[in-house]
Amino acid sequence: KSGVGKSVLLANMAIQDVLNGQGLCVIDPHGDLVNDILARVPAERAEDVVLFSPADLERPMGLNLLEFDPKYPEQKTFVINEMIGIFDKLYDLRATGGPIFEQYFRNALLLLLDDPNETHTLIDLPRVLTNPDYRKKLLETTPNPLTKEFWIKEAEKAGGDLALANVAPYINSKLNPFLANDLVRPIIGQIHSSVDFRKIMDEGKIFIVNLSKGLLG
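What comes next concerns the included structure. (Residues numbered from 1 in each chain as written. Predicted model: local features only at pLDDT ≥ 70, side-chain atom pairs only at ≥ 80, totals over all residues. Heavy atoms only, no water.)

## Description of the sheet that holds strand 2 (residues 49-52)
Stated precisely, the cut-off is as follows: In short, DSSP must find at least two bridges between two strands for them to pair. In this text, helices come from DSSP runs of H or I with a minimum length of four residues, and strands from runs of E with a minimum of two, each type numbered from the N-terminal end. An axis is simply a line fitted to the C-alpha atoms; with a helix, the fit covers only the stretch in contact. Between two such axes, the angle follows the N-to-C directions and lies from 0 to 180 degrees.
Read across the open sheet, the three strands follow the order 1-3-2; overall the sheet is parallel. For this open sheet the edge positions go to strand 1 (24-28) and strand 2, each flanked by a neighbour on one side alone. Across the sheet, the mean angle from the axis of one strand to that of its neighbour is 10°, orientation sign disregarded. Summarising the sheet, strand 2 and strand 3 (residues 206-210) pair through four bridges and their orientation is parallel. Looking at strand 3, one finds that Leu51 is bridged to Ile208.

Put into structure tokens, the structure is as follows:
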């Protein structure tokens, strides 16, 4: 319950790591803990602080959820599975989407991730589903024959409940809470991520995440 000292304990543990020169990550859903820690970071470690605050509209930090290292193309599968996992946690896809949602969602993401000419973001996903010209442009460059076959032979020819005209609005309705959000869109709409989690961990940075519900809703 409130008032027993959880936040004070967490703040003291975090500052102890800071003073020891260690790296750490603090995720705060309230905001008070973050402010307490930031106020106590010594000057010699100020340059190690990485503050991620989605409510900061003046300096939105980029976080492209579709970004991967081109040297490791197998990361694309990981990115897609993680995206499906996120939406499954939010919407329980087995109850609300099923295999059809996953099939269209996965192949739309594959079209974006396989594009050799551009890096895409989640904001481009609705265009794959609703804009035939945009989809055709991506299909012309994709090196993945299975993705091409799905869109040309299945998705664009399907009828009834499986028709693209029926599936696209359903998928977009799941995306709109993110894409239409003035706090989230500037973050996930940037092509290059400002945060390199691997580097933060390897170099022992102080990663502070302010997810205050009072600011974000």
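## Focus: the nonpolar core
Cut-off, in case you're wondering: Among buried residues, the Ala, Val, Leu, Ile, Met, Phe, Trp, Tyr and Cys ones that are joined through side-chain atoms within 4.5 Å form a nonpolar core. Exposure is judged per residue with a 1.4 Å probe applied to protein chains only, and the accessible area is read against the type maximum: over 50% gives exposed, under 20% gives buried, and values in between give partly exposed. Only heavy atoms enter the contact rule, under which two residues are in contact if any of them lie within 4.5 Å.
Ranked by size, the top nonpolar core spans 33 residues in total, and within it Phe105 and Trp151 carry the most contacts. Counting only elements with at least two residues in this core, the list comes to helix 3 (75-91), helix 5 (98-113), helix 6 (125-130), helix 7 (132-141), helix 8 (145-155) and helix 9 (164-179). For this core, the element with the most residues is helix 5, which contributes nine residues. If we skip the residues at most four places from it in the chain, Phe105 touches Met83, Ile84, Phe87, Leu125, Ile171 and Leu175. Core analysis: the second largest hydrophobic core is formed by 12 residues, Ile15, Val26, Leu33 and Val41 among them.

## Concerning the pattern of salt bridges
Using the following cut-off: Any carboxyl oxygen of Asp or Glu within 4 Å of a side-chain nitrogen of Lys or Arg constitutes a salt bridge here.
Counted by the stated rule, this structure contains 12 salt bridges. Notably, a salt bridge pairs Glu102 with Arg106, separated by 3.0 Å at the nearest N-O pair. Residue Glu102 and its partner Arg106 are located together in helix 5, separated by four residues, close to a single helical turn. For the salt bridge of Arg185 with Asp182, the shortest nitrogen-to-oxygen distance reads 3.0 Å. When its relative accessible area of 51% is taken as the criterion, Asp182 is described as exposed. Linked through salt bridges whose partners overlap, the residues forming this network are Arg45, Asp48, Glu203 and Lys205.

## Some points on helix 7
This is how it is decided: The reported arc concerns the directions from the helix axis to the C-beta atoms and nothing else. Between N or O atoms, a polar contact is any pair within 3.5 Å; within protein, one atom must be a potential hydrogen donor and the other a potential acceptor, and residues adjacent in sequence are included only when both atoms are from side chains.
Taken residue by residue, helix 7 has Tyr134, Arg135, Leu138 and Leu139 as its buried positions. Seen along its axis, helix 7 keeps its buried residues to an arc of 135°; they face one direction. Exposed residues pointing more than 90 degrees away from the buried face of helix 7 are listed as Asp133, Lys136 and Glu140. Among the structural elements, helix 5, helix 6, helix 8 and helix 9 are those in contact with the buried residues of helix 7. The backbone nitrogen of Asp133 lies 3.1 Å from a side-chain oxygen of the residue at the head of helix 7, namely Asn131.

## Description of the pairing of strand 1
Because side chains alternate across strand 1, one face comprises the buried residues Leu24, Val26 and Asp28, and the other comprises Cys25 and Ile27, none of which is buried. With five bridges joining them, strand 1 and strand 3 adopt parallel strand pairing. Residue pairing in the sheet places Ile27 in a bridge with Val209 of strand 3.

## Overview of the packing of aromatic side chains
Test applied: When two rings of Phe, Tyr or Trp (its six-membered ring) have centres within 6.5 Å they constitute a pair, described as stacked for plane angles under 30 degrees, edge-to-face for angles over 60, and tilted for the intermediate range. Ring-over charges, as used throughout, are those where CZ of Arg or NZ of Lys falls within 6 Å of the ring centre and within 35 degrees of the ring normal.
Evaluation of the coordinates by the stated rule reveals nine aromatic pairs. Seen from their ring centres, Tyr104 and Trp151 are 6.0 Å apart, and the 75° between their planes marks the pair as edge-to-face. Highlighted residues: Tyr104 in helix 5 and Trp151 in helix 8, separated in sequence by 47 residues. Residue classification places Tyr104 among the buried residues on the basis of a relative accessible area of 3%. Pairwise contacts between aromatic rings join Phe87, Tyr91, Phe101, Phe105, Tyr170 and Phe178 into one cluster. Its guanidinium or amino end placed over the ring of Tyr134, Arg127 lies 3.8 Å from that ring's centre, counting from NZ or CZ. The aromatic ring of Tyr91 is capped on one face by Lys174, whose charged end is 4.8 Å from the ring centroid.

Everything listed here is a matter of geometry and, on its own, says nothing about what the molecule does.
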